[in-house]
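Single-letter residue listing:
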Amino acid sequence: MSRSAALKHASGSESVLDEAASWLALAQQRSLDAREVAELDAWRRHSEAHEKAWQAALELQRMFDGVPAEIGAEVLGRHRTDRRAVLKSLVALAFAAPAGYAAWLHAPRVTADYRTAVGERDDVALPDGSRLSLNTASAVRLEYSAEERRLVLVEGEILVSTVPDSAGHSRAFVVQTRHGTVRALGTRFTVRDLDDGRTGVTVFEHAVAVRPLGAAQAHRLDAGRRLDFDGQQVFPSTVHDEARPAWSRGQLVSRNQRLEDFLAELSRYRPGLLRCDPAVAELRLSGVFQLDDTDRVLELLGETLPVRVERRTPFWVTVVAR
Amino acid sequence: MNTRVDSLQDGHAAIERAYADHHGWLSGWLQSRLGCPDVAADLTQDTFLRVIARREELRRAPLRQPRAFLRVIAGGLLVDHLRRRDLERAFLAALATQPAAEAMSAEEREILLETLDRMDLLLDRLSAPVRKAFLMSQLDGLRYACIARQMGVSERTVKRYMQQAYRQCLAALL
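1. Quick notes on the sheet that holds strand β14 (residues 273-276) of chain A
Backbone-to-backbone hydrogen bonds pair the strands of a sheet. The strands run either parallel or antiparallel. Residue and element names in this part refer to chain A. With mixed pairing, the 3 strands of this open sheet are ordered in space as β14-β17-β16. Pairing within the sheet leaves two strands with one partner each, and these edge strands are β14 and β16 (307-313). Strand after strand, the sheet turns through a mean of 20° between neighbouring axes, direction not considered. Here β16 runs beside strand β17 (residues 316-321); their pairing, made up of 6 bridges, is antiparallel. Paired with Val307 across the bridge in β17 is Ala321. The strands touched by helix α8 (residues 259-266) within the sheet are β14 and β17, with β14 carrying the most contacts at an inclination of about 175°. Along the sheet, helix α9 (residues 294-304) contacts β16 and β17; its crossing angle with β16, the most-contacted strand, is approximately 145°.

2. With respect to the interface of chain A and chain B
With 46 residues of chain A at the contact, the number on the chain B side is 45 residues. Contributing elements (two or more residues each) for the side of chain A that touches chain B: α2 (13-29), α4 (48-65), α5 (69-76) and α7 (91-94) of chain A. The class makeup of the residues in the side of chain A that touches chain B is 30 nonpolar, 7 polar and 9 charged.

3. Looking at the confidence of the model for chain B
Residues and elements named next belong to chain B. Residue-level pLDDT values for chain B average 82, and 93% of them are 70 or greater. Element-level pLDDT for chain B is lowest in helix α1 (residues 2-34), with a mean of 73, against a maximum mean of 91 in helix α8 (residues 155-173). Note on residues 1-6: pLDDT under 50 across the span, and 0 contacts to partners over four residues away in sequence or across chains. Among the scores for the predicted complex, ipTM is 0.74 and pTM is 0.45.

Procedures and definitions
- Residues numbered from 1 in each chain as written.
- Chains lettered and ligands numbered in written order.
- Predicted model: local features only at pLDDT ≥ 70, side-chain atom pairs only at ≥ 80, totals over all residues.
- Pairing = 2+ DSSP bridges.
- Helix = DSSP H or I, 4+ residues; strand = E, 2+ residues; numbered from the N terminus.
- Axes fitted to C-alpha atoms, helices over the stretch in contact; angles between N-to-C directions.
- Contact = placed C-beta atoms within 7 Å.
- Nonpolar A, V, L, I, M, F, W, Y, C, P; charged D, E, K, R; others polar.
- pLDDT = per-residue confidence, 0-100.

The following block contains the structure:
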């Protein structure tokens, strides 16, 4: 099919852009033949908007031509977190701001200091000697200053084991999420950015002070308890009896859990889609599962519950009734 | 006539008051994020300049939460500053490791950095996979089939990515 057939000479500015993009893409893939060059010329003469779009195309091409490939690849392709992550971390800014000013948040990417991919976990020592574990698909930015040791949880879940400050002065240790802050009171705890617009906190040792962005006062949470909070308030805490989070041992523990909830949890550790057929959503299961082999976990489900695992592709898995 | 003068003065007074009330807080907030008092002072200044530029609008609709407002403006400047700093760091690192850089004059480097900065802003509008495919094609000169293999997507998807990238860059340049 010739290019001309694919190009419709419409006059709306949207389609002019689309057409200019098509010409650029074509010219970039191979050199144009004489007939196509003539066609492009005719296209440019079509209107002032056409010619302007083409000038912009040439400018774009010149920019790329003026950059040595290796340097361009290193600088422009540098690893950065995605826009969504930055927006999340900056939600603190948008909070309570007049809605119209959300447009201010044209946030480009900012580096995350520590990051894990889906299914990955990582343990790191922080500059002050505190320990940080990242659960699957998590990102953290470090903002240590003279006044405090601040971790910004960009996404995912972390386990923090703090030590008294080694820098000679006792700086506070604070985890900031998009909903508020969790201040360590010499302690071990997890913070998780929950998908439903809340942050979850679980304390394993000592205590933390939780303060939602919009709250005037902090709420103390002691070891053996967990709670959720959003930007405005803290929700009632519940008891847990774990010494440390199961994921930090590479395990997923369920106790009489609904299958749908279990699969939602498991899907955090697997790339792709993991769905639960509503017909089996209410089945219950208990067990300790190894996170390093989620395919094996799915297999086990078929052995213990009346379910079957349907795989359309490796990345699209549905658990259905057997 | 008089009311207009009064309200203008009101506007100035409001900004002066905002400056007096929140300047210290804002520069502290910025400093805790930047760790550098000089840059924090610059960004604080820039934030108030932007507030002044919008004084007409603010006069008509006074702020109920001035700190939230200041934080949004300062946040935009902060993000921009961090992006530029990030870019410069990557640029310096690239210069240090790339033989192509040795022959460049200081001026050429400056021009290259400015070009990269412009491109970075353009590419910033693209989603991560689109950006990746675009860079592979534009900088490495890879064919769509090769990009498709490396990214684990179909060639048609790569084509779609490229079309989208070109389109968004052009829209930004116009």
